[in-house]
Amino acid sequence: MSKTVLQVNHLKTYFTVDKRKNLFVRAVDDVSFSIDQGEIVALVGESGSGKSTIAYTIMGMYETSGGEIIFDGEDIANKKRTFDFKKKAQIVFQDPGSSLNSHQDVKEILSLPLKVHKVVKPSQLETKIIETLDRVGLSEDFMYKSPTAIGGGEKQLVSIARALCSNPEFIILDEPTSNLDVSIQAKIINMLLKLHEEQSLSYLFITHDLSLVRNISTKVIIMYLGKICEIANTEEFYGNPHHPYTQMLLSAIPVVSEEEEQLKPSRIRSTGEIPSPVNIPKGCSFNTRCHRAVPLCFEEDPEMIEVTKGHFVRCHLYGKCKPEL
Ligand SMILES: Nc1ncnc2c1ncn2[C@@H]1O[C@H](COP(=O)(O)OP(=O)(O)OP(=O)(O)O)[C@@H](O)[C@H]1O
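Rules used in this analysis
- Residues numbered from 1 in each chain as written.
- Predicted model: local features only at pLDDT ≥ 70, side-chain atom pairs only at ≥ 80, totals over all residues.
- Heavy atoms only, no water.
- Helix = DSSP H or I, 4+ residues; strand = E, 2+ residues; numbered from the N terminus.
- Core = buried A, V, L, I, M, F, W, Y, C linked by side-chain atoms within 4.5 Å.
- Buried < 20%, exposed > 50% of the residue type's maximum accessible area, 1.4 Å probe, protein only.
- Contact = heavy atoms within 4.5 Å.
- Axes fitted to C-alpha atoms, helices over the stretch in contact; angles between N-to-C directions.
- Parallel < 35°, antiparallel > 145°, perpendicular 65-115°, else oblique.
- Nonpolar A, V, L, I, M, F, W, Y, C, P; charged D, E, K, R; others polar.
- Salt bridge = Lys/Arg side-chain N within 4 Å of Asp/Glu carboxyl O.

Per an unreviewed UniProt entry, the protein goes by ABC transporter ATP-binding protein and derives from Fusibacter paucivorans.

Structure, rendered in structure tokens:
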């Protein structure tokens, strides 16, 4: 059995909007999932659903408001991230432009993590930088270039090279290709898959793109307004989507093959408005848009239920309001 790299239990990250009025954005609200070694877990949801907040909370950039983050067997929630964690866990951001220091060249950018984590002897630094650039498909000519002098795709490759420098076991990829041209996106995705294969890396891959997720992930997590609606392994997820929100998202994605078309739920129109994250409705937070809502959905927040092994859904239709067979 594979080792569990990350286990998130009942994680909450709230942002204060108005302390006196007790107003919060519940950006992440009671979220639980795990990532095993070698898994690519896709975290999917519309803008504002809490995906990046989960990522930043795991990395220790945001404080948790509750719950556990167990990394390598230890609860690190609200603890200062250790040197060991920073070596083993890395993040690649959506916008490589702002995450790379424009006053440094690529050699300096990659030298820092190699020196901090004492990955190689100083005499081997340059060789290691060339080798790392090569792993992401960049030539050694890039060493003396500034991030301002290279294209968006190349900047993202440098960001990935920087993340690889400490020999991590887990990488969060926060929409790593969403700002890039389609041709470059494919190149970067293929390179990430090759690295994953070679080193048994574990990825938390944040994206909006359900077509991409189908081809790359081992497990899918669907978020809506700070909560998880559904978790399943990828084959089960696409073959047997349960949550009305998942069905709505899947019914809208373009497909290329007849086989995929047959598996896709018939088109479900998105109705209603996404509620304000400060004023989430009573009951299930998806009730304002759900085409299958029943009265209980406006009264009670559903619990997460394991419908079949490893397939979890948070919807009354699979729990208290399950139709009799
Ligand atoms: N630092 C912050 N302070 C206050 N509210 C925040 C902060 N960061 C995020 N939020 C709010 O938390 C909610 C979740 O935001 P988050 O960025 O995690 O969503 P997301 O799913 O990653 O969206 P996107 O796909 O657009 O990146 C949103 O309502 C957002 O406005």
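1. Observations regarding unusual backbone geometry
Phi angles above zero are rare outside glycine, and Asn78 is one such case at about 60°. Considering the arrangement of structural elements, one finds Asn78 in the loop between β5 (74-75) and α2 (83-88). The backbone phi angle of Ser200 is positive, close to 55°, even though this residue is not glycine. Mapping Ser200 onto the fold places it in the loop between α7 (182-199) and β8 (202-207).

2. Topic: the nonpolar core
Counting 36 residues, the largest nonpolar core has Leu110, Leu133, Val136, Ile160, Tyr203 and Phe205 as the members making the most contacts within it. Put simply, the parts of the chain that give this core at least two residues each are α4 (106-116), α5 (125-135), α6 (152-164), β7 (170-174), α7, β8 and α8 (210-216). Contacts of Tyr203, omitting those with residues within four sequence positions, involve Ile35, Glu39, Ile40, Val41, Phe170, Ile171, Leu173, Leu192, Leu195 and His196.

3. Quick look at the packing of α4 against α5
Running from amino to carboxyl end, α4 crosses α5 at an angle of 110°, the nearest separation of the two axes being 10 Å. Taken as axis vectors, α4 and α5 run roughly perpendicular relative to one another. Note on element contacts: α5 touches α4 through Leu125, Glu126, Lys128, Ile129 and Leu133, opposite Val106, Lys107, Leu110, Ser111, Leu114 and Lys115. Looking at the contact of α4 with α5 residue by residue, the classes come out as 6 nonpolar, 1 polar and 4 charged.

4. Considering the pattern of salt bridges
Per the counting criterion, the structure on display carries 15 salt bridges. The shortest N-O distance in the salt bridge between Glu46 and Arg289 comes to 3.0 Å. Separated by 243 residues along the polypeptide, Glu46 in the loop between β3 (40-44) and α1 (51-58) and Arg289 in the loop between α11 (258-263) and β11 (305-308) bring together distant segments of the chain. Given the relative accessible area of 22%, Glu46 is considered partly exposed. Across the pair Glu74 and Lys79 runs a salt bridge, and its minimum N-O distance is 3.6 Å. Sharing partners across several salt bridges, the network here consists of Lys3, Asp72, Asp84, Lys88 and Glu169.

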